[in-house]
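# A look at the structure
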Amino acid sequence: MLNQQVNETVELVDRKLEEYLPQQDIMQADLINAMRYSLLSGGKRIRPLLLLEFCRICGGDVHAALPFACAIEMAHTYSLIHDDLPCMDDDDMRRGRPSNHKVFGEDTALLAGDALLTLAFETMLSEESVRLVGAERAVAAAGILAHAAGAYGMVGGQVVDLMSEGRVISLKTLQEMDENKTGALILAAAKMGCVLAGANESQLKAAENYAKAIGLAFQIVDDILDVTGDSETLGKPVGSDDENSKCTYVTLMGLDNAKIKALELTDAAVRALEGFESGTEVLSQLARELVSRDK
Ligand SMILES: CC(C)=CCC/C(C)=C/COP(=O)(O)OP(=O)(O)O
Ligand SMILES: C=C(C)CCOP(=O)(O)OP(=O)(O)O
């Protein structure tokens, strides 16, 4: 039943994402094809799921929150396209296919990422989205995503990631880097879902505690899979961290300790859900599945 609920939500998000893509136009055909290529190429859709699930358990209208769920997936997809560029991690595969720049070229891939990020904000602040959730909540949700995606969040974390290539960094710096690079959007998804539903302070706090824990666990598992996974299942290269001399939880703690850390964080996330009265089954299952995932 839970899996069916998750699959239905993912299908709903996928359909809506397709609707939001710009219409084909001869002038920008290549750009729009590049946006479509990465946005509709699968992906686990974790961030939209989190946003919609927190919205639901806080008593919000999941259909009204859909544009915001799509927006966070657009912002995430932009980050993947840019992360794979030769000036960043230089990875050739993503979501089981050649990376965006391998198909469309670096220039178009860069612009497709830019356009997806911009489309995220256009989607959240459209007349329709504002009518559905009200101006105050729409602006609050867009503000959360803006903060999380930028210099104090994902982009800030990515800069530290690039700067620390070839160096050994402290566990504290690594944790801060991962909390920003990966955790910020995951935290934003949870907060946006709460804000869109008009959650109270204690619900918001519990959601933040859950999302911070799974956000860090998520990146630790990503680091582990880069060593132990297989590229066909993952849909992206393995050994990329090693190739780029990245300092990760695996290099600093070793595989076993990294796994233990991810499991401890998952337990903490599930405990944080006790802050909600009921309806947290999907979120607790999601936390457990993310830590044991193979892709
Ligand atoms: C502003 C930008 C470009 C942010 C990138 C955010 C991101 C994809 C983090 C995960 O990095 P990773 O390199 O560990 O992920 P993967 O293993 O999927 O390549
Ligand atoms: C933040 C990281 C670790 C990049 C990959 O994110 P996901 O593992 O959520 O990628 P998709 O499922 O969306 O492809």
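Residues numbered from 1 in each chain as written. Chains lettered and ligands numbered in written order. Predicted model: local features only at pLDDT ≥ 70, side-chain atom pairs only at ≥ 80, totals over all residues. Heavy atoms only, no water.

Looking up the chain in an unreviewed UniProt entry gives the name Farnesyl diphosphate synthase, with the organism given as Caproiciproducens galactitolivorans. Turning to the chain, the UniProt record has this under Sequence similarities (unreviewed entry): "Belongs to the FPP/GGPP synthase family." UniProt, in the comment section headed Catalytic activity (unreviewed entry), describes the chain in these words: "isopentenyl diphosphate + (2E)-geranyl diphosphate = (2E,6E)-farnesyl diphosphate + diphosphate". (UniProt positions renumbered as here; feature names shortened; annotations may be inferred.)

Our next topic: a negative patch on the surface. A surface patch of negative charge is lined by Asp30, Asp90, Glu106, Asp107, Asp242 and Glu243. Elements that contribute at least two residues to the negative patch include exactly helix H6 (106–124) and helix H13 (240–243). Of note, aspartate 90 is situated in the loop between helix H4 (62–84) and strand S1 (93–94). The partly exposed category is assigned to aspartate 90, whose relative accessible area is 41%. (Patch = residues over 30% accessible without salt bridge, like charges linked within 9 Å, V, L, I, M, F, W, Y side chains within 5 Å. Areas by Shrake-Rupley, 256 points an atom, 1.4 Å probe, with all protein chains shown as cover. Salt bridge = Lys/Arg side-chain N within 4 Å of Asp/Glu carboxyl O. Lys, Arg positive; Asp, Glu negative; His and termini not counted. Charge placed at Lys NZ, Arg CZ, Asp CG, Glu CD. Helix = DSSP H or I, 4+ residues; strand = E, 2+ residues; numbered from the N terminus. Buried < 20%, exposed > 50% of the residue type's maximum accessible area, 1.4 Å probe, protein only.)

A complete count under the given rule lists 18 salt bridges for this structure. Arginine 95 is the salt-bridge partner of glutamate 73, the closest N and O atoms lying 2.9 Å from each other. Of the two residues, glutamate 73 sits in helix H4 while arginine 95 sits in the loop between S1 and strand S2 (97–98), which places them 22 residues apart along the sequence. Of the two residues examined, glutamate 73 and arginine 95, each falls in the buried class. Close ionic contact of lysine 236 with aspartate 222 constitutes a salt bridge, the shortest N to O distance being 2.7 Å. With lysine 236 in the loop between helix H12 (231–234) and H13 and aspartate 222 in helix H11 (residues 201–228), this residue pair connects regions lying 14 residues apart in the sequence. By relative accessible area, lysine 236 is classed as partly exposed at 22%. Shared partners join several salt bridges into a network, and the residues in it are Asp89, Asp161, Glu165, Lys181 and Lys246.

This part is about the nonpolar core. Among the nonpolar cores identified, the biggest contains 92 residues, and Leu50, Leu51, Phe54, Phe68, Leu145, Met192 and Tyr210 are the most heavily contacted of them. The greatest single-element share of this core, amounting to 14 residues, is contributed by H11. Beyond its immediate chain neighbours, meaning those up to four positions away, leucine 50 contacts Ile186, Ala189, Tyr210, Ile214, Leu283 and Leu286. (Core = buried A, V, L, I, M, F, W, Y, C linked by side-chain atoms within 4.5 Å. Contact = heavy atoms within 4.5 Å.)

This paragraph deals with helix H10 (residues 171–197). Roughly 60 degrees is the biggest bend found in H10, and it falls at glycine 183. Among the residues trailing H10, glycine 198 stands out with phi positive, at a value near 70 degrees. (Bend = angle between axes of the 7 residues up to and from the residue.)

Turning next to the site of ligand 1. In the vicinity of ligand 1, 15 residues are found, and the nearest of them are Asp83, Asp89, Arg94, Asp222 and Lys236. With respect to ligand 1, the side chain of aspartate 89 contributes an N or O atom lying 2.9 Å from an oxygen atom. Between aspartate 222 and ligand 1, the recorded distance is 2.8 Å, taken from a side-chain N or O atom to an oxygen atom. Calculation on ligand 1 without its partners gives an accessible area of 510 Å², and the protein chains cover 91% of this total. Of the residues forming the shell around ligand 1, the biggest block, 5 residues, is contributed by H4. Residues belonging to the shell around ligand 1 are distributed by class as follows: 4 nonpolar, 5 polar and 6 charged. (Near = heavy atom within 4 Å. Polar contact = N/O pair within 3.5 Å; in protein donor to acceptor, adjacent residues only side chain to side chain. Nonpolar A, V, L, I, M, F, W, Y, C, P; charged D, E, K, R; others polar.)

Quick look at the side chain of arginine 45 now. Looking at where arginine 45 falls in the secondary structure, it is placed in the loop between helix H2 (29–39) and helix H3 (46–57). Separated by 2.8 Å, the side chains of arginine 45 and glutamate 73 make a polar contact. Leaving out residues up to four positions away in the same chain, arginine 45 has contacts with Val10, Asp14, Leu17, Leu39, Leu40, Glu73 and Arg95.

Before going further, it helps to spend a moment on unusual backbone geometry. For arginine 45, which is not a glycine, the phi torsion comes out positive at approximately 60 degrees. You can call arginine 45 buried: its relative accessible area is 3%.

Since the α-helix turns once every 3.6 residues, residues separated by three or four places project in the same direction. For helix H16 (residues 281–291), every residue scored as buried is listed here: Val282, Leu283, Leu286, Ala287, Leu290 and Val291. An end-on view of H16 places all buried positions within 160 degrees of arc, on one side of the element. If you follow the buried residues of H16, they end up packed against helix H1 (2–20), H3, H11 and helix H15 (255–272). (Arc of directions from axis to C-beta.)

Summarising the element assignment, glycine 150 is placed in the loop between helix H8 (135–149) and helix H9 (154–163). The spatial distance from the C-alpha of glycine 150 to the C-alpha of glutamine 285 is 30 Å, given a sequence separation of 135 residues. Residue contacts for glycine 150: discarding those within four places in its chain leaves Val155 and Gly156.

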